[in-house]
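A look at the structure
Each chain, letter by letter, is given below.
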Amino acid sequence: MSPRWEPNPDIRTGRHVAYDLHAHLVFVTKYRRGVLDDQMLRRCEEIMREVCASFETELREFNGEADHVHLLVHYPPKVALSKLINSLKGVSSRFLRAEYTGRINRIGMGTLFPPRLKTPAGGGNCT
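Here is a short report on the structure shown in this document. Because the structure is a prediction, the values reported are computed rather than measured.

**Things to note about the overall build of the protein chain**
- Counting its regular elements, the protein chain contains 3 helices and 5 strands.
- What you see in the protein chain, going N to C, is helices and strands ordered as β-β-β-α-β-β-α-α.
- Expressed as a percentage of its 127 residues, the buried residues of the protein chain come to 32%.
- Partitioning the contacts of the protein chain with sequence separation of at least 6, the portion at a separation of at least 24 is 65%.

Okay, here's the thing in C-alpha cells:
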C-alpha cells in the first residue's frame, strides 16, 4: 500500500468528514494581575481537561504563568468554539475562586478571567 493511504492518527474521521482542528487559546487574568501560582495552574489544568472531556475535545497542551494560561485544544467540527471557550473560562474561574478564596479575594477580583469582548454590530475592532 502506498504511504498516502496509510491512516494518520492525528486526522479524525466521521461519517462524512475528515478533520484536524486545533485552537490555540490564551486566557488572561482580569487586569493582568499575577494571581496564578504553580498549585493553581495544576488545578486549572485538571479542571480544563475535565471540561474538554465533557465537550469530547482533547486538551493537547497546557502551560501558564502568573497572569495567563495557554491551551492547545483539538476539537471536532460539531463543537462550537465559542461555547467551549465560555465553558472553559466560566467553570475554571468558578472552581478556582471557590478553592482559592483567600488568594483571589485578597487581590480584589470578582472573576478570574474577564468575559470576552463583543464585536460592534457594524463589525470593526473592539475597544
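Once the structure has been displayed, the description carries forward.
**Here's the deal with the sheet that holds strand β3 (residues 21–28)**
- The antiparallel open sheet is built from 3 strands, whose spatial order is β3-β5-β4. The strands lining the two open edges of the sheet, one partner per strand, are β3 and β4 (58–64). The mean inter-strand angle of the sheet, taken between neighbouring strand axes irrespective of direction, is 15°.
- Looking at chain direction, β4 and strand β5 (residues 68–75) are connected through 6 bridges and run antiparallel. By the bridge assignment for β5, Leu-59 is matched with Val-73.
- Lying over the sheet, helix α1 (residues 38–54) contacts β3, β4 and β5, oriented at roughly 160° with respect to β4.
- Across the sheet, helix α2 (residues 81–99) is in contact with β3 and β5; its angle to β3 comes to roughly 35°.

**Observations regarding α1**
- Taking 1.5 Å per residue, 17 residues should reach 24 Å; α1 reaches 25 Å between its end C-alpha atoms and fits that length.
- Buried residues of α1: Met-40, Leu-41, Arg-43, Cys-44, Ile-47, Met-48, Val-51 and Cys-52, and no others.
- Two residues or fewer after α1 comes Glu-56, characterised by a positive phi angle close to 60°.

**Looking at the packing of α1 against α2**
- The N-to-C vectors of α1 and α2 enclose an angle of 140°; their axes lie 9 Å apart at closest approach. The angle between the axes of α1 and α2 places the two elements in the oblique class. Here the hand of the crossing between α1 and α2 comes out right-handed. For the pair α1 and α2, the contacting residues are Met-40, Arg-43, Cys-44, Ile-47, Met-48, Val-51 and Cys-52 in the first and Ser-87, Leu-88, Val-91, Ser-92, Phe-95, Leu-96 and Glu-99 in the second.
- In terms of residue class, the contact of α1 with α2 is made up of 10 nonpolar, 2 polar and 2 charged.

**Focus on α2**
- Taking 1.5 Å per residue as the helical rise, α2 with its 19 residues ought to reach 27 Å, and the 27 Å between its terminal C-alpha atoms agrees with that figure.
- What α2 keeps buried is the set Leu-84, Ile-85, Ser-87, Leu-88, Lys-89, Val-91, Ser-92, Ser-93 and Leu-96.

Reading guide: rules and limits
- Residues numbered from 1 in each chain as written.
- Predicted model: local features only at pLDDT ≥ 70, side-chain atom pairs only at ≥ 80, totals over all residues.
- Heavy atoms only, no water.
- Helix = DSSP H or I, 4+ residues; strand = E, 2+ residues; numbered from the N terminus.
- Buried < 20%, exposed > 50% of the residue type's maximum accessible area, 1.4 Å probe, protein only.
- Contact = heavy atoms within 4.5 Å.
- Pairing = 2+ DSSP bridges.
- Axes fitted to C-alpha atoms, helices over the stretch in contact; angles between N-to-C directions.
- Expected span 1.5 Å × (residues − 1).
- Parallel < 35°, antiparallel > 145°, perpendicular 65-115°, else oblique.
- Left-handed = near helix turned anticlockwise from the far one by under 90°.
- Nonpolar A, V, L, I, M, F, W, Y, C, P; charged D, E, K, R; others polar.

Scope: geometric values only; no functional claims are made or implied.
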